Amino acid sequence: MDAAESIGIKAFEGIELTGVRRLLVATGQWKDLSRFPEWIPPVEPDLAPFLANKGVRLLGLDLSSVDCLDSKELPAHNKLSGCGIHILEGLVLDGLEPGLYDLAALPLALEAGDGSPVRAVVKKKG
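Keep in mind that what you see is a predicted model, and the values were worked out from it rather than measured.

Here's the deal with the packing of aromatic side chains
Two aromatic rings, taken as a pair, are described by how far apart their centres are and by the angle between their planes. Taken as a whole and judged by the stated rule, the model has one aromatic pair. Relative to phenylalanine 36, the ring of tryptophan 30 lies with its centre 6.1 Å away and its plane at 70 degrees, an arrangement referred to as edge-to-face. Taking relative accessible area as the criterion, tryptophan 30 reaches 17% and is therefore assigned buried. For phenylalanine 36, a relative accessible area of 57% puts it in the exposed group.

Following this line, the structure appears as structure tokens:
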């Protein structure tokens, strides 16, 4: 994905998403994984219903959050959740070419949590 101020519907123009249930997005914006980023492009909340209408049920990104890092309201988190879309953040997608993959992302069994670290792995289909 090209550098952008935010990630919205426009970023997916010309990409056929119908039937895609799990969408992984490599932005390349978190350059140094040894340091927490100072800025990331947030996901625009109106992307959530657009993706849900296409059938997407999980959005994974190579970013530390889907919202601005200083956000207290978490509009993208709330809208994605409200549309039934699970979120995977902080993925390392370096070298992953566009295509179809099997994804396994197993969360820890945490009580009373709203999220969990996962070990996510992909395997190219075919």
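Concerning the pattern of salt bridges
Tallied over the full model, the rule gives two salt bridges. Ionic pairing is found between glutamate 38 and arginine 35, a salt bridge with its closest N-O pair at 3.9 Å. Across this residue pair, the class does not change: glutamate 38 and arginine 35 are exposed. Across the pair lysine 125 and aspartate 102 runs a salt bridge whose closest N-O atoms are separated by 3.7 Å. Within this pair, whereas lysine 125 is found in the segment after β5 (118-124), its partner aspartate 102 is found in strand β4 (residues 101-107), the two being separated by 23 residues in sequence. Given the relative accessible area of 47%, lysine 125 is considered partly exposed.

Digging into the side chain of serine 64
Here serine 64 lies in the loop between β2 (58-61) and α2 (75-82). Given the relative accessible area of 17%, serine 64 is considered buried. Those residues in contact with serine 64, other than ones at most four positions away along the chain, are Trp30, Phe36, Pro37, Ile40, Leu69 and Glu89.

A closer look at the sheet that holds β2
Strands sit in the order β1-β2-β3 across an open sheet of three strands; the sheet is parallel. In this open sheet, the two strands that pair with only one neighbour each are β1 (22-25) and β3 (86-88). This sheet shows a mean twist of 15 degrees between the axes of neighbouring strands, independent of strand direction. Sheet topology note: the β1/β2 ladder contains four bridges and is parallel. Looking at β2, one finds that valine 25 is bridged to leucine 61.

Remarks on the nonpolar core
Core analysis: the biggest nonpolar cluster contains 19 residues, and Ile7, Phe12, Leu23, Val43, Leu51, Leu59 and Leu61 have the highest contact counts within it. If you list the elements that add at least two residues to this core, you get β1, α1 (47-54), β2 and α2. Considering every element that reaches this core, the biggest residue donor is α1, with four residues. Sequence-distant contacts of valine 43, that is, excluding residues within four places in its chain, are made with Ile7, Leu59, Leu61, Val66 and Ala76.

Things to note about the environment of glutamate 111
One can find glutamate 111 in the loop between β4 and β5. Distance from glutamate 111 to proline 49, taken between C-alpha atoms, is 29 Å for residues 62 residues apart in sequence.

Digging into unusual backbone geometry
Positive phi, close to 55 degrees, is recorded for leucine 74, a residue that is not glycine. Residue classification places leucine 74 among the partly exposed residues on the basis of a relative accessible area of 31%. Residue alanine 112 is not a glycine yet carries a positive backbone phi of 60 degrees. Looking at the element boundaries, alanine 112 is found in the loop between β4 and β5. With a relative accessible area of 88%, alanine 112 lands in the exposed category.

Reading guide: rules and limits
Residues numbered from 1 in each chain as written. Predicted model: local features only at pLDDT ≥ 70, side-chain atom pairs only at ≥ 80, totals over all residues. Heavy atoms only, no water. Phe/Tyr/Trp six-rings, centres within 6.5 Å; stacked < 30°, edge-to-face > 60°. Buried < 20%, exposed > 50% of the residue type's maximum accessible area, 1.4 Å probe, protein only. Salt bridge = Lys/Arg side-chain N within 4 Å of Asp/Glu carboxyl O. Helix = DSSP H or I, 4+ residues; strand = E, 2+ residues; numbered from the N terminus. Contact = heavy atoms within 4.5 Å. Pairing = 2+ DSSP bridges. Axes fitted to C-alpha atoms, helices over the stretch in contact; angles between N-to-C directions. Core = buried A, V, L, I, M, F, W, Y, C linked by side-chain atoms within 4.5 Å.

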